[in-house]
Amino acid sequence: MNKAELIAAVAEKTGMSKKDTEAVIVAALNTITETLADEEKVQLVGFGSFEVKKRAERTGLNPKTMESIAIPASKAPVFKAGKALKEAVAK
């Protein structure tokens, strides 16, 4: 399912127009993105949580030259599914 299909499905379930539905979905995704950029956690009870994981700097190996290279520290968004979502998918 892509973004357009998601908008159409939500619009059908809610009875809202596709334009209004798109505005709501875009606002929700932007809010989640901004919250994660501020390194805060977003919890949706029953669905799951979004958070930022920090990865420490580490040493890697260039497979072509077999030289050691430094991989810089980074941050990555992660999603952890909630109990209700796990159960729904497992059925």
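Residues numbered from 1 in each chain as written. Predicted model: local features only at pLDDT ≥ 70, side-chain atom pairs only at ≥ 80, totals over all residues. Heavy atoms only, no water.

Enquirer: Explain a positive patch on the surface to me, please; I cannot follow it from the model alone.
Expert: Residues Lys41, Lys53, Lys80 and Lys86 make up a contiguous surface patch of positive charge. Within the fold, Lys53 resides in strand β2 (residues 48-55). (Patch = residues over 30% accessible without salt bridge, like charges linked within 9 Å, V, L, I, M, F, W, Y side chains within 5 Å. Areas by Shrake-Rupley, 256 points an atom, 1.4 Å probe, with all protein chains shown as cover. Salt bridge = Lys/Arg side-chain N within 4 Å of Asp/Glu carboxyl O. Lys, Arg positive; Asp, Glu negative; His and termini not counted. Charge placed at Lys NZ, Arg CZ, Asp CG, Glu CD. Helix = DSSP H or I, 4+ residues; strand = E, 2+ residues; numbered from the N terminus.)

Enquirer: Got a minute to help me understand the pairing of strand β4 (residues 68-71) in this structure?
Expert: Regular strands place side chains that alternate from one sheet face to the opposite one. Of the pairings in the sheet, the one linking strand β3 (residues 58-61) to β4 comprises four bridges and is antiparallel in character. The residue of β4 that forms the bridge with Gly60 is Ile69. Between β3 and β4, which follow one another and run antiparallel, lie six residues, and Met66 among them has a positive phi close to 60°. (Pairing = 2+ DSSP bridges.)

Enquirer: Would you explain the packing of aromatic side chains in this entry?
Expert: For any pair of aromatic rings, the description consists of the separation of the ring centres together with the inter-plane angle of the planes. A complete count under the given rule lists two aromatic pairs for this structure. An aromatic cluster of three or more residues is present, and its members are Phe47, Phe50 and Phe79. (Phe/Tyr/Trp six-rings, centres within 6.5 Å; stacked < 30°, edge-to-face > 60°.)

Enquirer: Just checking my understanding: could you explain the pattern of salt bridges for this structure?
Expert: Pairs can form between side chains of opposite charge whenever their charged atoms are close. All told, the structure shown has two salt bridges when counted by the stated rule. Across the salt bridge formed by Lys54 and Glu39, the nearest N and O atoms sit 3.3 Å from each other. One end of the pair, Lys54, is in strand β2; the other, Glu39, is in the loop between α2 (18-37) and β1 (42-44), and 15 residues separate them in sequence. When its relative accessible area of 38% is taken as the criterion, Glu39 is described as partly exposed. Notably, a salt bridge pairs Lys75 with Glu39, separated by 2.5 Å at the nearest N-O pair. Placement of the pair is Lys75 in strand β5 (residues 74-81) and Glu39 in the loop between α2 and β1, with a sequence separation of 36 residues. Each of the salt bridges in this network shares a partner with another, and the network as a whole consists of Glu39, Lys54 and Lys75. (Buried < 20%, exposed > 50% of the residue type's maximum accessible area, 1.4 Å probe, protein only.)

Enquirer: How do you make sense of the side chain of Thr21 when you look at a structure like this?
Expert: One can find Thr21 in helix α2. Discounting chain neighbours no more than four positions away, the residues touching Thr21 are Ile7, Val10, Ala11, Thr14 and Met16. (Contact = heavy atoms within 4.5 Å.)

Enquirer: What is the right way to look at helix α1 (residues 3-14) in this model?
Expert: One full turn of an α-helix is made of 3.6 residues, so residues set three or four places apart face in the same direction. With twelve residues, α1 should reach 16 Å at 1.5 Å per residue; the first-to-last C-alpha distance of 16 Å fits that figure. One side-chain oxygen at the N-terminal end of α1 lies 3.1 Å from the backbone nitrogen of Ala4; it belongs to Asn2. Within two residues after α1, Gly15 carries a phi angle of roughly 80°, on the positive side. (Expected span 1.5 Å × (residues − 1). Polar contact = N/O pair within 3.5 Å; in protein donor to acceptor, adjacent residues only side chain to side chain.)

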